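Inside the fold
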Amino acid sequence: MQEIYEIDTSNKKSAIPAEDILMGRKNFADANDNGMDSDVTILIQAYNRLEKTKECVSSVLKYTTDVNYDLLLVDNGSTDDTFEYFKAIDYPKKRIIHITKNVSAVYPNLCFDLSWIAKYYVCLANDIVVTPQWLSNMVKVAESDDRIGMVNPVGSNMSNLQQVNLQFNSLDEMEAEAGKFNVSDPTRWQERLRLITLGTLYKKECLYAIGWPISDVGFYHDFGDDDITFRVRRAGYKAILAGDTWIHHNHDFIHSEDRDPEELNRSLKIGRQNFKDKYFGIDAWDDVNNFIPEYLNVLKPANSQTKSILGVDVRCGTPILEIKNRLRLYNIFDADCYAFTRLGKYFIDLQTVCGADRVHTGSIDRVKDCFEENSLDYIVIGEDINSYPEPLKLIQDAYRLLKSGGQLFVSLKNVYDIFTFLNIIGNGRNNNQPHVVNYSIEQFMNALLQNGFNTQYITARQYNLLPEAQKYVNDCMSQLAGDGAQESAFRLMVDRYFFVINKPQ
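Summary of the structure given here. Here the structure is a predicted model, which means the values were calculated and not measured. (Residues numbered from 1 in each chain as written. Predicted model: local features only at pLDDT ≥ 70, side-chain atom pairs only at ≥ 80, totals over all residues. Heavy atoms only, no water.)

Quick word on helix 1 (residues 21-31)
Selection criterion: Residue exposure (1.4 Å probe, protein chains only): buried if accessible area is under 20% of the type maximum, exposed if over 50%, otherwise partly exposed. Numbering goes from the N terminus for both helices and strands, where a helix is a DSSP run of H or I of at least four residues and a strand is a run of E of at least two. For this analysis, residues touch if any pair of their heavy atoms sits within 4.5 Å.
If you check which residues of helix 1 are buried, you get Leu-22, Arg-25, Asn-27, Ala-29 and Ala-31. Residues of helix 1 that are buried make contact with helix 6 (204-210).

Put into structure tokens, the structure is as follows:
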């Protein structure tokens with residue numbers, strides 16, 4: 001049997017070729033706009049929960065008055081009156097997709113293609129409530145740099161350090177608080193390696209680059225948004241958290257609202273492994289969530305005109321971005337970023353942070369040979385300094401690379417922690433400690449002082465133990481340590497210590 005499909009392209013535009021790949025993608029997206037007169041397509045996907053859907057749609061209609069948009073309403077097999085409600089919405093530029101049975105959250109993306117999408121695309125779950133200037137703020141972020149491919153707001157009930165708690169007791173109070181919060185401010189934009197996609201805005205050309213449907217259909221639900229962010233970055237785009245734009249996620253994710261806890265844990269476990277399998281051993285949590293709030297609190301703005309940051313063994317690169325983002329608060333909007341890693345699996349993602357020719361790899365003693373002396377404003381060593389064979393030598397090598405006034409950030413693994421204590425008293429099941437040089441905090445500080453380093457102790461990060469475990473430790477210390485029980489118990493609870501070494505002007 002012969003089948004012939006004739007596609008009429010007589011009225012279509014041809015994409016303008018470009019030597020720059022980002023511009024080439026943009027030209028292709030512009031040529032395939034299907035004559036849409038909207039700047040943004042807002043998709044609202046709903047499966048039951050009609051009251052939440054109504055709040056979501058009402059907020060979009062009320063607070064999206066400064067952007068030209070169309071609505072794409074998807075009823076993903078609801079068994080309530082969602083479809084009837086969608087048909088009754090009074091908005092001139094709307095399209096409705098009605099799916100008769102919910103077969104997955106991803107399936108609706110197979111029901112349309114990118115020809116349906118305007119220049120920008122936003123996907124809203126029906127438990128999102130938007131706020132004043134939410135969309136225009138994100139469009140400003142996207143239009144500020146051709147390399148930005150996705151923008152996500154902060155909000156309530158979000159993980160991944162994307163949550164901002166505004167105080168309100170009603171929707172009217174929420175509107176007022178969000179209205180004061182949502183003031184466009186580039187100093188509050190953060191480049192991220194990983195975003196939890198709630199209310200995310202995408203550029204159409206970015207979607208062409210990473211492939212449609214937007215979600216990898218092989219993922220077991222969770223970690224799909226981690227995958228999207230990695231695909232965006234590896235396609236040459238930036239992922240930005242818009243810290244100047246707040247929305248309400250009307251969902252109690254902390255207490256697993258609407259999800260069975262066992263099924264949630266299973267989904268997280270499988271999704272996390274899916275991610276590691278796809279990205280050759282990269283862990284979406286351990287290799288990406290290495291945030292450095294302890295260092296940021298003592299970060300000083302560099303004096304030089306060109307700011308330079310080096311991350312040593314910072315895994316996928318979050319500490320570099322953390323410093324770069326913090327510099328924005330000082331109106332420093334760009335920096336030269338460099339990385340050195342001992343593990344090749346991090347090489348690609350470090351390149352997305354630093355650039356193709358600014359990432360080096362090899363044994364740790366090569367750090368000093370890859371960079372010029374007195375050339376860097378900030379250096380952060382990502383792994384604990386006593387996990388290296390020669391901690392002081394690495395500090396000395398890194399210190400030489402610093403400019404005058406530069407800062408070197410290091411952490412020290414606590415070798416006298418709760419796991420060491422439990423092993424001493426015979427609980428070998430807790431023997432999960434990594435190999436580290438046996439430095440106490442006092443020995444480490446004395447060694448730095450003897451070598452002439454201007455070192456500032458920042459803080460200690462403690463373990464989070466269950467209350468019964470904490471009580472057990474306190475009781476043991478009361479019996480063993482006498483008057484020093486409280487101090488000893490505190491020391492056992494310390495995971496690692498943080499320091500900054502300042503190079504004099």
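A word on unusual backbone geometry
With an omega of 10°, the peptide bond between Trp-212 and Pro-213 qualifies as cis. Among the secondary structure elements, Pro-213 is positioned in the loop between helix 6 and helix 7 (224-234). Located in the positive-phi region is Asn-157, a residue other than glycine, with phi close to 50°. Look at Asp-313: it is not a glycine, yet its phi comes out positive at around 55°. Structurally, the position occupied by Asp-313 is in the loop between strand 10 (308-312) and helix 10 (318-327).

Considering a nonpolar patch on the surface
Cut-off, in case you're wondering: Patch construction takes residues with relative accessible area above 30% that form no salt bridge. Like charges are linked within 9 Å, and nonpolar side chains (Val, Leu, Ile, Met, Phe, Trp, Tyr) are linked within 5 Å. For accessible areas, the Shrake-Rupley method is used with a probe of radius 1.4 Å. Any residue's cover is judged against the shown protein chains and nothing else. A pair is scored as a salt bridge if a Lys or Arg side-chain nitrogen falls within 4 Å of a carboxyl oxygen belonging to Asp or Glu.
A cluster of nonpolar side chains, namely Val-103, Tyr-107 and Leu-110, defines an oily patch on the protein surface of about 290 Å² accessible area. Note on placement: Tyr-107 falls in the loop between strand 3 (94-99) and strand 4 (120-125).

Topic: the pattern of salt bridges
Applying the stated rule across the entire model yields 33 salt bridges. Its salt-bridge partner being Arg-49, residue Asp-127 comes within 3.5 Å of it at the nearest N-O pair. With Asp-127 in the loop between strand 4 and strand 5 (128-129) and Arg-49 in the loop between strand 1 (40-46) and helix 2 (50-63), the pair connects residues that are 78 residues apart, well separated along the chain. The closest approach of N and O atoms between Glu-177 and Lys-180, which form a salt bridge, is 3.2 Å. One end of the pair is Glu-177 and the other is Lys-180, both in helix 5 (residues 171-181) and three residues apart, which spans about a single turn. Among the residues examined, Glu-177 registers a relative accessible area of 27% and is labelled partly exposed.

Some words on the side chain of Asp-75
Here is the rule we go by: The positive count covers Lys and Arg only, the negative count covers Asp and Glu only, and His and the chain ends enter neither. N or O atoms closer than or at 3.5 Å make up a polar contact, with two conditions inside protein: a donor-capable atom paired with an acceptor-capable one, and, for residues adjacent in sequence, both atoms drawn from side chains.
Take Asp-75: it is sitting in strand 2 (residues 69-76). It turns out Asp-75 is buried and unbridged, and the closest side chain with the opposite charge, Lys-87, is 9.1 Å from it. Within the local environment of Asp-75, its side chain forms a polar contact with the side chain of Ser-78, the two groups lying 2.7 Å apart. Among residues more than four places away in sequence, those in contact with Asp-75 are Ala-46, Thr-82, Phe-83, Phe-86, Ile-97, His-98 and Ile-99.

With respect to the environment of Ile-96
Along the chain, Ile-96 falls in strand 3. Along the primary structure Ile-96 and Pro-504 are separated by 408 residues, whereas in three dimensions their C-alpha atoms are 64 Å apart.

Some thoughts on the packing of aromatic side chains
As a reminder of what qualifies: Between 30 and 60 degrees the pair is tilted, below 30 it is stacked and above 60 it is edge-to-face, where a pair is any two Phe, Tyr or Trp rings, Trp via its six-membered ring, whose centres lie within 6.5 Å. The criterion for a charge sitting over a ring is simple: Lys NZ or Arg CZ within 6 Å of the ring centre, and within 35 degrees of the ring normal.
All chains considered together, the criterion is met by 21 aromatic pairs. Residues Tyr-295 and Phe-498 carry aromatic rings whose centres are separated by 5.5 Å and whose planes lie at 75° to one another, so their mutual orientation is edge-to-face. On the criterion of sequence distance, the pair formed by Tyr-295 in helix 9 (residues 293-296) and Phe-498 in strand 16 (residues 494-502) is long-range, its members being 203 residues apart. Judged by centre distance (4.9 Å) and plane angle (75°), the ring pair of Tyr-399 and Phe-453 falls under edge-to-face. Pair noted here: Tyr-399 is in helix 13 (residues 391-401) and Phe-453 is in the loop between helix 15 (441-450) and strand 15 (454-462), with a separation of 54 residues, a long-range link. The exposure class assigned to Phe-453 is buried, which follows from its relative accessible area of 8%. Each residue in the set Phe-112, Trp-116, Tyr-121, Tyr-202 and Trp-212 is aromatic and connected to the rest through ring pairs, giving one cluster. The ring centre of Phe-181 lies 4.6 Å from the NZ or CZ of Arg-188, which sits over that ring.

Things to note about the nonpolar core
Note the cut-off: The criterion is simple. A nonpolar core is a set of buried Ala, Val, Leu, Ile, Met, Phe, Trp, Tyr and Cys residues joined through side-chain atoms within 4.5 Å.
Counting 38 residues, the largest nonpolar core has Val-40, Ile-42, Ile-44, Leu-124, Trp-134, Leu-135 and Leu-201 as the members making the most contacts within it. Among the elements of the structure, strand 1, helix 2, strand 2, helix 3 (82-88), strand 4, helix 4 (134-143), strand 6 (148-155) and strand 9 (238-249) are those that each provide at least two residues to this core. Looking at this core, the element that brings in the most residues is helix 4, giving six residues. Apart from the residues within four sequence positions on either side, Val-40 is in contact with Val-67, Asn-68, Tyr-69, Asp-70, Ala-118, Tyr-120, Val-122, Leu-135 and Val-139. Ranked by size, the runner-up nonpolar core spans 37 residues in total, among them Phe-275, Tyr-279, Tyr-295 and Val-359.

Focus on the packing of helix 7 against helix 11 (residues 347-354)
Rules: The axes are straight lines fitted to the C-alpha atoms, using for helices just the contacting stretch, and the angles between their N-to-C directions are given from 0 to 180°. Throughout, the term roughly parallel applies to angles under 35 degrees, roughly antiparallel to angles over 145, roughly perpendicular to angles from 65 to 115, and oblique to all others. Crossing handedness: left-handed means the near helix sits turned counterclockwise from the far one by under a right angle, and right-handed means the same turn made clockwise.
Between helix 7 and helix 11, the shortest axis-to-axis distance is 9 Å and the interhelical angle comes to 65°. With respect to their mutual orientation, helix 7 and helix 11 come out roughly perpendicular. Regarding helix 7 and helix 11, the two cross each other, and that crossing is left-handed. From helix 7, Phe-230, Arg-233 and Arg-234 reach across to helix 11, where they touch Ile-348, Asp-349, Thr-352 and Val-353.

Some thoughts on the pairing of strand 10
Rule in force here: Strands pair, by our definition, only if DSSP identifies at least two bridges between them. We call a crossover right-handed when, viewed with the strands running away from us, the connection from the first strand over the helix to the second turns clockwise.
A large share of strand 10 lies buried, amounting to five of its five residues. Of the strand pairs in this sheet, strand 10 and strand 11 (residues 336-341) are connected by five bridges, and their pairing is parallel. Among the inter-strand pairings, Gly-311 is bridged to a residue of strand 11, identified as Ala-339. Since strand 10 and strand 11 lie parallel, the crossover through helix 10 that links them has a hand, and here it is right-handed. When strand 10 meets strand 13 (residues 376-381), the two strands line up parallel, connected through four bridges. Note on strand 13: the bridge partner recorded for Ile-309 is Tyr-378.

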